[in-house]
Amino acid sequence: MDQAEKITWLKQNTVLESLSDETVGAIAAAIQEESVQENRRLVLEDTIPPAVYILQAGRVESYRTSQTGVATATSLLPGAIVYLKELLINAAAEDTTITLSDCVVWEIPRAEFLALTQQYPEISQTFSRSLATELELVSAQLAFERERQSALRPYVVPKVRRGIVGTSRYAVRIRQEIKKASGDRQSVLIFGEPGLEKDNTAALIHFGSDDRKEPMIQVNCNTLQPNGSELFGRGNKLGLLDWIGRGTILLNNLEAIPVELEEKLAQLLATGEFTPIDREGTTPTPRPCEARIMMTSEKILPRLERGKLVGHTIKIPPLRVRKADIQAQIEYYLSLLCRSRGIPKPKITPEALRRLQGYDFPGNAIELQSLIARALTQSDGAAELTEEVFWSASLKNRRFRINLLNAYPKLRQFLRSPWYPDRLNYGFTLGFFAVVVAVLMWGPQTRDRNVALNFFWAWWWMLMLAAFPFVGRLWCAVCPFMIYGELAQKFSLWIYPRKLQPWPRQEAEKWGGWFIFGMFALILLWEELWNLENVAYLSGCLLLLITAGAVIFSLLFERRFWCRYLCPIGGMNGLFAKLSMVELRAQQGICSASCTTYQCYKGGPQKGEGLETGGCPVYSHPAQLQDNKDCVLCMTCLKACPHRSVELNFRPPGIELWTTHKPSYAEISLLFLLFGAVFLHRLPEIEQQFGLNLQLDNSGIHAGVSVLALLIPSAIALVAHALIRLFNAKPRPFLELAYGYLPIVLGSSLAHYLRLGLTEAGRVIPVTIATFGADTQNLSLPIAVADPAVIAFLQGVAFIFSFWLSVFLTQKIARQPIWNLLPQHVAMAAIGSMLWVITVGW
Ligand code: SF4
Ligand code: SF4
Ligand code: SF4
């Protein structure tokens, strides 16, 4: 190429066109042509460029490496002049330049180029002007970008929160639809119930598409002004549709969009144009919209549907129809939460999983997530999440309750005070129990001379049974067995500090009930065959045996494992407590909305009005209690709760049995064992009333007859149920119906102990004096003994009342016509009549 051709080429292909011919000629004269092979570096960034380069043929790329982000690269074509600015301002190279192909490069060495700029000031002036214009352009762009960022910032969706997990056909379909929508720029409508994270589905589409580098914003339609100026702009003021450019705008909750905007939205979807809001005196013209429109809604909008205005419509099914995915979702949420909290991921027990799979999740995925988050917080780093820590805010049947703590503030004050139950327990019961056991072991051995024996059999049993319908399992709050268990636990931890074993819950849930049944059966036989009622030291041994269980298991396991799963007296208390007219519960709304500490369950230091406690001793959460058997009424949760959520409710007695109850075979076995115990306690009366000779003097026969006596009620009940199955097309399972016998079991047991209580409890003064060796025969001491007719009357009332309650309860549980359940009612009448004969007499 000769000199003239070089000048023409430079003027036609480079930015040197604005220079005079003379100056361009001088530049052309200074050019040294060089052929450079592909992939050769011309200049390294941050070094002083040795020359100005003009790309005459080929392709080069200039780029800057970055330590913190992606490298930025620019591809340059023939005509590009590189490092002109650096040489003019004497700076190091901003970019590295390499050849992408074999190139012809014109070089003007640094010294010669600087000499030219001296000789031709036009070069510096022209490029200073051009640099100034460039700078102005860049700062205008920067200002626009800054304004754009600040307009979009409140609405920006930074990333996808989570994916779609699961293998159900629904999950597969949603994933396919997301993929399809990511492949183009058509509008998208995602609809489904609340709580399904539809906005996250929209984000999955945006960030899975080629537009992922563009911004995505989310606008809630219920916050839009009726004129829509935020979206469409007003006069010269830009709206979000302008600012977003080629990004994605998500209109959330479309069903709440102001009606005035429906038409404008329909226009936008149909034509891809929108009209800004006019200022007075102006007539705005429609503007093209580059943005991609996505919408979420809880329902299909007829207007959009009719006009076929939406490119993709995706329906997200509710969680209750995707039960197959629940396990995968739980695992997924658990992983996300554990990672964000930096804790190891716990396992979820099969029982907890079943419980979650059986729940309908009206709040959908959001509810599942908050349930898991709550469970994680509540479990406090446990290796397993058991069903106790999963509780929802929508359990049914919270009706017909009066909170006694609101009605009687003094009661609340007392139950939160140190008097209940600690001062009572450690100030009185602890010592009193020791005296009772000592008197049983070393005092006179018969009931008419031993006040402890009198107290145990005549007072305690009668009062306990009579109290169940009123106060449920209250005994367990003041029980001496467990006071010794707690004391042993504290003392052993003081002597030998260690971490006690966590509860083997799965095994305990499975076998605990049968352990209680077995223990109770053995105690009943022991009581009958060794005449415990009238042998003081054996009664003392019985009390010590239960205390030993409480102590041993308190030394091994955390809190009160014995009370929750193994104690035979606790098993009976739990069973009869179901009939109670009081219950302790928490307000699930408050717990799920306001609580993050779950101090009632976990314990912890004082917080607000919540006192310092060690948490529920039987690992129950008051908000998820559905059965009185799981609460020992210790009021720890009432003291610990900072949100006043815990309630002590007055309720219809036994209501849980026909609402929230979960039956168990071990429990109904215990129920019939307690029923049979009334027959067992009345063997002499059976002989007498039915004219039998059972040869009870022979201990082998006595044991056999005792076992048979225990089996009488269950045998009759099973025959009755066989008849129900025969004549009822849709019989309810025996497991459920058996709880209908519960009132009559309690009534019969009470009737049995009424005789002992009302004839012997009133003799407490002479018996006390006799205990200490005094002869009371010649003393005239006050006694109170009920007339046999009064006792018979009260026993009769207990039988009749409890029988009708049993009939009522059976009907409530079964919810079937009375004729369908007649065999069970007749069975209850038959067993009740037999017991009447042997307890009250003819
Ligand atoms: S469960 Fe047993 S040991 Fe525990 S408090 Fe109740 S009666 Fe006492
Ligand atoms: S009862 Fe109180 S402490 Fe327990 S979860 Fe509810 S609000 Fe929290
Ligand atoms: S739920 Fe409350 S009252 Fe019941 S046992 Fe637990 S802490 Fe005690």
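Residues numbered from 1 in each chain as written. Chains lettered and ligands numbered in written order. Predicted model: local features only at pLDDT ≥ 70, side-chain atom pairs only at ≥ 80, totals over all residues.

With an unreviewed UniProt entry as reference, the protein chain is termed 4Fe-4S binding protein, source organism Phormidesmis priestleyi ULC007. According to the UniProt record, the Subcellular location (unreviewed entry) comment for the protein chain is "Cell membrane". (UniProt positions renumbered as here; feature names shortened; annotations may be inferred.)

Contacts to ligand 1 come from Cys476, Cys479, Phe481, Met482, Ala550, Trp562, Cys563, Cys567, Ile569, Gly570, Asn573 and Val632. Of all elements in the fold, only α19 (480-495), α22 (561-566) and α23 (568-577) reach the threshold of two or more residues within the shell around ligand 1. By residue class, the composition of the shell around ligand 1 is 10 nonpolar, two polar and no charged. (Near = placed C-beta within 6 Å. Helix = DSSP H or I, 4+ residues; strand = E, 2+ residues; numbered from the N terminus. Nonpolar A, V, L, I, M, F, W, Y, C, P; charged D, E, K, R; others polar.)

Orientation of helix α20 (residues 505-529) relative to helix α27 (residues 665-681), taken along the N-to-C sense of each, is 10 degrees, at an axis distance of 9 Å. Here α27 runs roughly parallel to α20, going by the angle between their axes. Touching Gly513, Trp514, Ile516, Phe517, Phe520, Ala521, Leu524 and Glu528 of α20 are Ala666, Glu667, Ser669, Leu670, Leu673, Ala677 and Leu680, all from α27. Here the residues of the contact of α20 with α27 are counted per class, giving 11 nonpolar, two polar and two charged. (Axes fitted to C-alpha atoms, helices over the stretch in contact; angles between N-to-C directions. Parallel < 35°, antiparallel > 145°, perpendicular 65-115°, else oblique. Contact = placed C-beta atoms within 7 Å.)

Annotation of the protein chain at the domain level lists domain 1 (3-139), domain 2 (156-317), domain 3 (321-389), domain 4 (421-450 + 464-513 + 531-658) and domain 5 (665-839). If you look at the interface, domain 4 gives 20 residues, while domain 5 gives 19 residues. Sorting the residues of the side of domain 4 that touches domain 5 by element identifies α18 (451-471) and α23 as the ones contributing at least two each. When residues in the side of domain 4 that touches domain 5 are grouped by element, the largest group, four residues, is from α23. When its residues are assigned to classes, the side of domain 4 that touches domain 5 shows 11 nonpolar, five polar and four charged. (Domains from an automatic or database assignment.)

Viewed as axis vectors pointing N to C, α27 and helix α29 (residues 699-727) meet at an angle of 130 degrees, and their least axial separation amounts to 7 Å. With respect to α29, the axis of α27 lies oblique. Handedness of the crossing formed by α27 with α29: right-handed. Across the interface between the two elements, Phe672, Leu673, Phe675, Gly676, Ala677, Phe679 and Leu680 of α27 pack against Ser706, Ala709, Leu710, Leu711, Ile712, Pro713, Ser714 and Ala717 of α29. Classifying every residue of the contact of α27 with α29 by side-chain character gives 12 nonpolar, three polar and no charged. (Left-handed = near helix turned anticlockwise from the far one by under 90°.)

At 3.6 residues per turn, the α-helix brings residues three or four places apart onto the same side. Here α20 is 25 residues long and its end C-alpha atoms lie 35 Å apart, about the 36 Å a rise of 1.5 Å per residue gives. Taking the largest bend as the criterion, α20 deviates by roughly 45 degrees, centred on Trp511. Residues Arg505, Gly512, Gly513, Ile516, Phe517, Leu524, Glu527 and Glu528 constitute the buried set of α20. Buried residues along α20 sit against α22, α23, α27 and α29. Looking one or two residues past α20, Asn531 carries a phi angle of roughly 50 degrees, positive in sign. (Expected span 1.5 Å × (residues − 1). Bend = angle between axes of the 7 residues up to and from the residue. Buried ≥ 20, exposed ≤ 12 C-beta atoms within 10 Å, placed from the backbone.)

The next point concerns the sheet that holds strand β11 (residues 248-252). As a general point, the strands of a sheet are linked pairwise by backbone hydrogen bonds and lie either parallel or antiparallel. One open sheet holds the five strands; their spatial order is β10-β11-β14-β9-β15, and the pairing between them is parallel. With one partner strand each, in any of the chains shown, β10 (216-220) and β15 (312-315) form the two edges of the open sheet. Between one strand axis and the next, the sheet turns through 15 degrees on average, direction left out of account. Summarising the sheet, strand β9 (residues 188-191) and β15 pair through four bridges and their orientation is parallel. Within β15, the position partnered with Val188 by the bridge is His312. (Pairing = 2+ DSSP bridges.)

Bringing the site of ligand 3 into the picture now. Close to ligand 3 lie Leu584, Cys616, Val618, Ser620, Pro622, Cys631, Val632, Leu633, Cys634, Met635, Thr636 and Cys637. In terms of residue class, the shell around ligand 3 is made up of 10 nonpolar, two polar and no charged.

Checked against the element boundaries, Val60 lands in strand β4 (residues 60-64). A residue is classified by how many C-beta atoms lie within 10 Å of it, and Val60, with 24 of them, is buried. Residues Val60 and Leu261, 201 residues apart in the sequence, show an inter-C-alpha distance of 51 Å. In contact with Val60, other than residues within four places in its own chain, are Leu42, Leu55, Leu76, Thr97, Ile98, Thr99, Leu100 and Cys103.

A few words on the sheet that holds strand β19 (residues 582-586). Strand order in this open sheet of three strands is β18-β20-β19, and the pairing throughout is antiparallel. Two strands bound the open sheet, and with one partner strand each, they are β18 (402-403) and β19. Sheet topology note: the β18/strand β20 (residues 646-650) ladder contains two bridges and is antiparallel. Considered in β20, the bridge of Asn403 is made with Asn649.

Let us look at the environment of Leu440. When you line up the elements, Leu440 lands in helix α17 (residues 419-442). A sequence separation of 99 residues divides Leu440 from Ser539, and the C-alpha atoms of the two residues are 7.0 Å apart. Not counting chain neighbours up to four residues away, the residues in contact with Leu440 comprise Asn450, Ala452, Leu453, Ala536, Tyr537, Ser539 and Gly540.

Attention shifts here to the pairing of β20. Strand direction decides the pairing type here: β19 and β20, joined by five bridges, are antiparallel. The partner of Arg585 across the bridge, within β20, is Glu647.

Let's shift gears to unusual backbone geometry. In this chain, Tyr420 is followed by Pro421 through a cis amide linkage whose omega measures -20 degrees. Phi at Asn253 takes a positive value of approximately 55 degrees, unusual for a residue other than glycine. As for its placement among the helices and strands, Asn253 is situated in the loop between β11 and α10 (259-271). Asn253 gets classed as partly exposed once you count the C-beta atoms within 10 Å, which come to 18. In this structure, Phe361 takes a positive phi of about 50 degrees despite not being glycine. Within the secondary structure, Phe361 is located in the loop between α13 (350-357) and α14 (364-379).

Core analysis: the largest hydrophobic core is formed by 176 residues, its most contacted members being Ile249, Ala550, Cys600, Leu633, Leu671 and Tyr741. Ranked by the residues each element gives to this core, the list is headed by α27, at 11 residues. Ignoring sequence-local partners within four residues, the contact set of Leu671 consists of Leu575, Ala738, Tyr741, Leu742 and Val745. (Core = buried A, V, L, I, M, F, W, Y, C linked by C-beta atoms within 7 Å.)

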